[in-house]
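# Structural features, examined
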Amino acid sequence: MTTTHTLKALSKALLLATGCLTASTVFADQKTPEQLYPPLTSEVLPELAAKGSYSVGVQTLDLINPAQFDPATQGEKDRPLKVEVWYPAADSANAPLTSYSDITRTGKTFTLQADAMRDVAINNKEHYPVIVLSHGYTGYRTIMYYLGEHLASHGYIVAAIDHTDSTNADVDFKNAPFSGFFSTLINRSRDQQFVLNYFNEQNNFASKQVDNKKAGVIGYSMGGFGAVNTIGGCYDFNEQTTAMFTGMKDPAQIKQVQQLLNSCAGGQYKNPQVDSRIKAMVAFAPWGGQHNLFNASAMQNIKVPSLYIAGSLDDISGYEGIKNLYNQTGSTDKYLLTYKNARHNIAPHPAPAIAKRSSELDIGHYYEPSWSMRTLNETNKHFVLAMMDCHVKGITSQCEYLDLPQNGDQAVVNGKPLPAWHGFDNRFSTGMDWQQAKPRTK
């Protein structure tokens, strides 16, 4: 390399380093949380993406699930779970909007603006179903905060879990990306059921307002892997898949762990019974179907209304695997929403600024090459609310939003475009396909 080239390279490196330092300094000094959802006219949004009539409160709880199996020690250990809870706020609540702080997969911190008030009183005028919200591997409890806030504004209590051993904070995704995977396989459904039981059966700030006859569960990726199990999709690991996903090699140990993994409905083994309070399940890009990790007979016996949401190019959970889960599910009311040309990141909030300046490990947790994350989030809000209102609260009119033709692209027939999907304005239901078990009523 010539002296001139060397000087130019050094100058460029210095400039980049200075620029990065300036950017990081600005970010560190910035006291205003990032706003990921600036105002957007409702004319381009699906109908049920609109905020509900309740103001939203939020609290963070530290729960303990006692004496759970710990893969690290091969013994029992109390399992801590941090839970973010969104709920309808009391009419008298008048506090500043809070924020959510977390870290990316490479450990970079960020803070996001919330549309919720911290630690205010719950609205005591009605009873509200509990919805459990479960992130992927890796993730964090607020990665779908837009859903938590949205459902709370429409009269739900939403409990989002930090799944211990499975969060960005717990896993060194660069150097030891699978360190928490064994724990994830064992605990996803158990965590979901434990949190649902806590709000329905133990004394807590929302106890008097919980509708303890109705509940729902939502999971993304490994959260979806757990959610399918929680509603009765029993696991069916064989020796090969047990070894593959735990890294074990000793045949005797593999058989023992295989028996441990093959639980059902929140950790049950003999004659498992699905919690009768659960009236609906939503699984975003659920993992496991591509490896046949669910018992086919158990899947056929599922009765809980189920909505699967997937990207047609999902390369993590595999679109064909997700479709297989939908096809195997025995529920009379089941649906599959497909985002055409989307990959796996169909559920998280948009990327924070720090992730955009980082590596693919960080931005790749949020970014979709063919879709706007805002569009995905708003559409998710619409369909998840329709699902919960229809099947959890039993609001018949909301079921119309789940009764759709297969294609939303409004193909031109005889010179005229077909109508948009119910709840979408003309021209704005494109890029999606819909399947449902029941024939259309219209």
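Summarised in this report is the structure supplied together with it. (Residues numbered from 1 in each chain as written. Predicted model: local features only at pLDDT ≥ 70, side-chain atom pairs only at ≥ 80, totals over all residues. Heavy atoms only, no water.)

## As for the layout of surface pockets
Basically, it comes down to this: For cavity detection a 1 Å grid was placed over the protein atoms alone, and a set of points counts as a cavity when a 1.4 Å probe fits there but cannot get out; an open set counts as a pocket when protein lies on both sides within 12 Å along at least five of seven lines, with lining residues being those that have an atom within 4 Å of a point. Grid points are joined across faces, edges and corners, and a volume is the space filled by probe spheres set on the points. Runs of E in the DSSP output that reach at least two residues are strands. Runs of H or I that reach at least four are helices, and both are numbered from the N terminus. Classification used: nonpolar for Ala, Val, Leu, Ile, Met, Phe, Trp, Tyr, Cys and Pro, charged for Asp, Glu, Lys and Arg, polar for all others including Gly.
When its volume is computed, the largest pocket comes out at roughly 730 Å³. Around the largest pocket sit 30 residues that line it, and Arg105, Tyr137, Phe173, Ile316 and His344 are the ones nearest its centre. Secondary structure elements with two or more residues in the lining of the largest pocket: helix H3 (181-201), helix H5 (239-246) and helix H10 (360-363). Each residue belonging to the lining of the largest pocket can be placed in one class, and the counts come to 16 nonpolar, 9 polar and 5 charged. Estimates place the volume of the second largest pocket at around 440 Å³. Forming the walls of the second largest pocket are 22 residues, and the residues nearest its centre are Tyr37, Lys51, Asp115, Glu149 and Lys381. Breaking the lining of the second largest pocket down by element, the ones donating at least two residues are strand E4 (109-118), helix H2 (145-153) and helix H11 (373-391). It is H2 that provides the largest number of residues to the lining of the second largest pocket, a total of 5 residues.

## Some points on unusual backbone geometry
Basically, it comes down to this: Three exposure classes are used, based on accessible area relative to the maximum for each residue type with a 1.4 Å probe and protein chains only: buried under 20%, partly exposed in between, and exposed over 50%.
Following Tyr137, the chain continues into Thr138 via a peptide bond in cis, with omega recorded as -10°. As for its position among the elements, Thr138 is in the loop between strand E5 (128-134) and H2. Positioned with a positive phi, Asp119 is a non-glycine residue whose angle comes to about 60°. For Asp119, the location among the structural elements is in the loop between E4 and E5. A positive phi angle is found at Asn271, which is not glycine, with a value near 45°. Looking at the element boundaries, Asn271 is found in the loop between helix H6 (251-261) and strand E8 (278-284). Judged by its relative accessible area of 68%, Asn271 is exposed.

## Observations regarding H3
So the rule is basically this: Each helix should span, by expectation, one fewer than its residue count multiplied by 1.5 Å. Given a residue, its bend is the angle between the two axes fitted to the seven residues that end at it and to the seven that start from it.
The end-to-end C-alpha separation of H3 is 29 Å, in line with the 30 Å expected for 21 residues at 1.5 Å each. At Asn187, H3 is deflected by roughly 50°, the largest bend along its length. A large share of H3 lies buried, amounting to 19 of its 21 residues.

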